[in-house]
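What follows is each chain in one-letter form.
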Amino acid sequence: MREGAHPGRIAAYPAQETSHQATDACETPSVTHRRRVARKSTTREPIIQEPDSFDLEAAGSTAGAEAEPEATRRAAGVAESSRANRGWWDRNADEYQVEHGTFLGDDRFVWGPEGLDEVEAELLGPPEELKGKDVLEIGAGAAQCARWLATQGARPVALDLSHRQLQHALRIGGSFPLVCADAGALPFAEASFDLVCSAYGALPFVADPRLVLREARRVLRPGGRFVFSVTHPIRWAFPDEPGPEGLSVSASYFDRTPYVEQDEDGRAVYVEHHRTLGDRVRDIASSGFRLVDLVEPEWPAWNTSEWGGWSPLRGNLIPGTAIFVCERD
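Residues numbered from 1 in each chain as written. Predicted model: local features only at pLDDT ≥ 70, side-chain atom pairs only at ≥ 80, totals over all residues. Heavy atoms only, no water.

Once that is clear, we can look at the overall build of the protein chain. Broken down by element type, the protein chain carries 8 helices and 12 strands. Relative to its 329 residues, the protein chain shows a buried fraction of 55%. (Helix = DSSP H or I, 4+ residues; strand = E, 2+ residues; numbered from the N terminus. Buried < 20%, exposed > 50% of the residue type's maximum accessible area, 1.4 Å probe, protein only.)

Now the structure itself:
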């Protein structure tokens, strides 16, 4: 067991109290996406909290009671984005798991709404080579991916910004560490992991993705691999709708203004950031990684599900997910 990480508990590392000089400490795919247009040592002991009791069916029936926020496009910085998204995922984790838990499974590694499974993709390497590997999952949600990694003999750590998402990881179970922390300030020592992965976690929601990329590189051992999936950048030019209305360009692909949902006082309650494909490649290169593959999963015939703006109709015509496979030399 790593210092400060307790299987069956959530170790919380507030970002403002983390240090880059951490010593072997440990923490939703989470397939995290939702865009509507009109997941070092501490200076004190980690905060350990027991999970609250909750009922998933009740959560699903009461979701949506709050007034709808205003959707807009405006600037949103690092701190505002982090604060808004932590709150959003804490409030919406129950509904998210009710709606998508069956598709994600308890111990599957799904890269996106298309249903591409790591069992088939082997983007982290052949399953037989995962045994004994130290793996960090960023934006883990209920830690489905980390749980699958554990079944392969890996030693995963599941990290997420949302404490409530990690409580769902406790509900499902598992003996690996859960850590509540910001992906832009990872509470781990340099060269702590052989692999880092993120399925729709963190990268779409941070104002400066290079912070996450540089942290991922820092905690990777030489030769390590970081694989992450995000909404395919081309989707930002289309309405976020699963039907025919989602097939006509409605905005500039080059408009990088963040999508923000804000309350009546103008405070952001959800933020998502757009990077073009070229931006992502440049971010990867400038952060010290070598891009070895870019996967754009095709929509499989077996998948008849809709997930927000992802659907068989759109999936057969335009890409919905981009998976970047990066290596640290």
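We now examine the pairing of strand S9 (residues 259–262). Residues of S9 alternate between two faces, with Tyr 259 and Glu 261 on one and Val 260 and Gln 262 on the opposite face, all of them buried. With 4 bridges joining them, strand S3 (residues 70–73) and S9 adopt antiparallel strand pairing. Pairing of Thr 72 across the sheet is with Val 260, part of S9. Bridging between S9 and strand S10 (residues 268–272) involves 4 bridges; their strand directions are antiparallel. Along S10, the bridge assignment pairs Gln 262 with Ala 268. Hairpin connection of S9 to S10: 5 residues between the antiparallel strands, including Gly 266 at a positive phi of 85°. (Pairing = 2+ DSSP bridges.)

What follows is about the sheet that holds S10. The 3 strands lie next to each other as S3-S9-S10, forming an open sheet whose pairing is antiparallel. The open sheet has two edge strands, S3 and S10, and neither has a second partner. Averaged over all adjacent pairs, the angle separating strand axes in this sheet is 20°, with direction ignored. (Axes fitted to C-alpha atoms, helices over the stretch in contact; angles between N-to-C directions.)

This part covers the confidence of the model for the protein chain. Averaged over every residue, the pLDDT of the protein chain is 85; the share at 70 or more is 80%. Segment residues 1–8: pLDDT under 50, and 24 contacts once partners within four positions in sequence are set aside and those in other chains are kept. Below a pLDDT of 50 lies the segment residues 58–64, which in the model reaches 3 contacts outside its immediate sequence neighbourhood of four places, other chains included. (pLDDT = per-residue confidence, 0-100. Contact = heavy atoms within 4.5 Å.)

To continue, consider the pairing of strand S5 (residues 155–160). Across the 6 residues of S5, 5 count as buried, placing the element largely inside the fold. Following the backbone out of strand S4 (residues 134–138), through helix H4 (residues 144–151) and into the adjacent parallel S5, one traces a crossover that is right-handed. Relative to strand S6 (residues 178–180), S5 runs parallel, the two being bridged by 3 bridges. By the bridge assignment for S6, Leu 159 is matched with Val 179. As for the winding sense of the linkage, the β-α-β connection from S5 through helix H5 (residues 163–172) to S6 is right-handed. (Right-handed = clockwise from strand over helix to strand, strands pointing away.)

What follows covers empty space enclosed by the protein. Considering only enclosed or pocket space, the largest cavity measures out at about 50 Å³ in volume. Pro 204, Val 230, Thr 231, Pro 233, Trp 236, Glu 272, His 273, His 274, Arg 275 and Arg 280 together form the lining of the largest cavity. (1 Å grid on protein atoms, 1.4 Å probe; cavity = no way out; pocket = protein on both sides within 12 Å on 5 of 7 lines; lining within 4 Å. Points joined across faces, edges and corners; volume = space filled by probe spheres on them.)

Looking at where Pro 209 falls in the secondary structure, it is placed in helix H6 (residues 209–219). The class of Pro 209 is buried, set by a relative accessible area of 3%. Between the alpha carbons of Pro 209 and Gly 184 there is a distance of 8.2 Å; along the sequence they are 25 residues apart. When residues no more than four places from it in sequence are discounted, the contact partners of Pro 209 are Leu 203, Arg 275, Arg 280 and Asp 283.

For the rest of this paragraph, the subject is the state of the cysteines. Two cysteines joined by a covalent bond between their sulfur atoms form a disulfide. Applying the stated rule across the entire model yields 0 disulfides. Looking at the unpaired Cys 145, the closest cysteine sulfur is the one in Cys 197, lying at 6.3 Å. (Disulfide = S-S within 2.5 Å.)

Moving on, we come to unusual backbone geometry. Residues other than glycine seldom take positive phi values, yet Glu 122 does so here, at roughly 50°. Along the chain, Glu 122 falls in the loop between helix H3 (118–121) and S4. The class for Glu 122 is partly exposed, based on a relative accessible area of 35%. Look at Tyr 200: it is not a glycine, yet its phi comes out positive at around 60°. Along the polypeptide, Tyr 200 turns up in the loop between strand S7 (193–199) and H6. Of the residues examined, Tyr 200 reaches a relative accessible area of 0% and is grouped as buried.

To continue, consider the packing of aromatic side chains. With the rule as written, the count across this model stands at 16 aromatic pairs. Taken together, a centroid distance of 5.5 Å and an interplanar angle of 85° make the contact between Phe 103 and Trp 307 edge-to-face. Residue Phe 103 is located in helix H2 (residues 78–104), and its partner Trp 307 is located in the loop between strand S11 (290–295) and helix H8 (312–315); the two are separated by 204 residues in the primary sequence. Trp 307 shares its class with Phe 103; the two are buried. An angle of 85° between the planes, with centres 6.0 Å apart, marks the rings of Phe 109 and Trp 148 as edge-to-face. Here Phe 109, found in the loop between H2 and H3, pairs with Trp 148, found in helix H4; they are 39 residues apart in sequence, far enough to count as distant. Residue class for Phe 109 comes out buried when judged on its relative accessible area of 0%. An aromatic cluster of three or more residues is present, and its members are Trp 88, Trp 89, Tyr 96, Phe 103, Phe 205, Tyr 259, Tyr 270 and Trp 307. Sitting over the face of the ring of Phe 103, Arg 108 holds its NZ or CZ atom 5.9 Å from the ring centroid. (Phe/Tyr/Trp six-rings, centres within 6.5 Å; stacked < 30°, edge-to-face > 60°. Lys NZ or Arg CZ within 6 Å of the ring centre and 35° of its normal.)

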